[in-house]
Amino acid sequence: MMIGGWYEPGSSPLHRTPAGAKFLVLLGLAAVVFVLRSPIWLGGICAAVLLGYAVARVSLRRCGQLARTLGPLAVFVFALQWWLLGAEQALVVCLRIVAALAAANLFTITTRVDDVVSAVERALRPLARFGVRPDRIGLLIGLTLQAVATLSGVAAEVREAAKARGAERSVTAFAVPFLVRTLRHADELGEALAARGEGDG
């Protein structure tokens, strides 16, 4: 099963690390990020993730794409959370989002999604006797990782469209079309899975 993604071939230590090990680290990082409440610790994690980009020798073009995608999203979330919960909590939420999405993006850049799916299926195969379906879980993991690249692409297209209209500084001009296209993508994905019977049982 071939699943698309943003994989960029390379020979860095991150590229050579087994997919299963990197996936476990990503899950652990996501869990830690959403438990921590300290902006200092969360800022440290963001710095560590950025260091990972340097270790992986990710091109400046790709780093720029990430910054242009996360920037407007972080601004929108910060403004909304500041209005609802205050500045400190808004900063915590933004750092969580930036750390998690930047780490997930780095993972997709340095890891073939097919390798992750294969690793998950191999790890879960002994549980098949208890009713676990490794192929279905592997598909779910693959689609989740693919969504990172897909939503990044959507964000880039929405941003370019807003820029063409002279509304590149408008948070609303980015956020509303982005949310609409994200929901549309989710509906299309649900219909595709239902068509192949993945939504049954």
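First, a word on scope: everything that follows refers to the structure included in this document. Predicted model only: the values in this text are computed from it and were never measured.

A closer look at the overall build of the chain
Helix and strand content of the chain: eight helices and zero strands. When the helices and strands of the chain are read in sequence order from the N terminus, they spell out α-α-α-α-α-α-α-α. Counting only contacts in the chain whose residues sit at least 6 apart along the sequence, the fraction spanning at least 24 positions is 73%. Approximately 11,700 Å² of the chain is accessible, and the part contributed by carbon and sulfur atoms is 66%.

A word on helix α4 (residues 60-85)
The end-to-end C-alpha distance of α4 is 35 Å, a good match for the 38 Å that 26 residues give at a rise of 1.5 Å each. The set of residues buried in α4 consists of Arg 62, Gly 64, Leu 66, Thr 69, Leu 70, Leu 73, Ala 74, Val 77 and Gln 81. Positioned one or two residues after α4, Gly 86 has a phi angle of 105 degrees, which is positive.

Things to note about helix α5 (residues 87-110)
Because each turn of an α-helix spans 3.6 residues, side chains separated by three or four positions end up pointing in the same direction. Given a rise of 1.5 Å per residue, 24 residues ought to cover 34 Å, and the 34 Å separating the end C-alpha atoms of α5 matches this to within 8%. Across the 24 residues of α5, 17 count as buried, placing the element largely inside the fold.

What counts as what
Residues numbered from 1 in each chain as written. Predicted model: local features only at pLDDT ≥ 70, side-chain atom pairs only at ≥ 80, totals over all residues. Heavy atoms only, no water. Helix = DSSP H or I, 4+ residues; strand = E, 2+ residues; numbered from the N terminus. Contact = heavy atoms within 4.5 Å. Areas by Shrake-Rupley, 256 points an atom, 1.4 Å probe, with all protein chains shown as cover. Expected span 1.5 Å × (residues − 1). Buried < 20%, exposed > 50% of the residue type's maximum accessible area, 1.4 Å probe, protein only.

Purely spatial values, then, with no claim about function.
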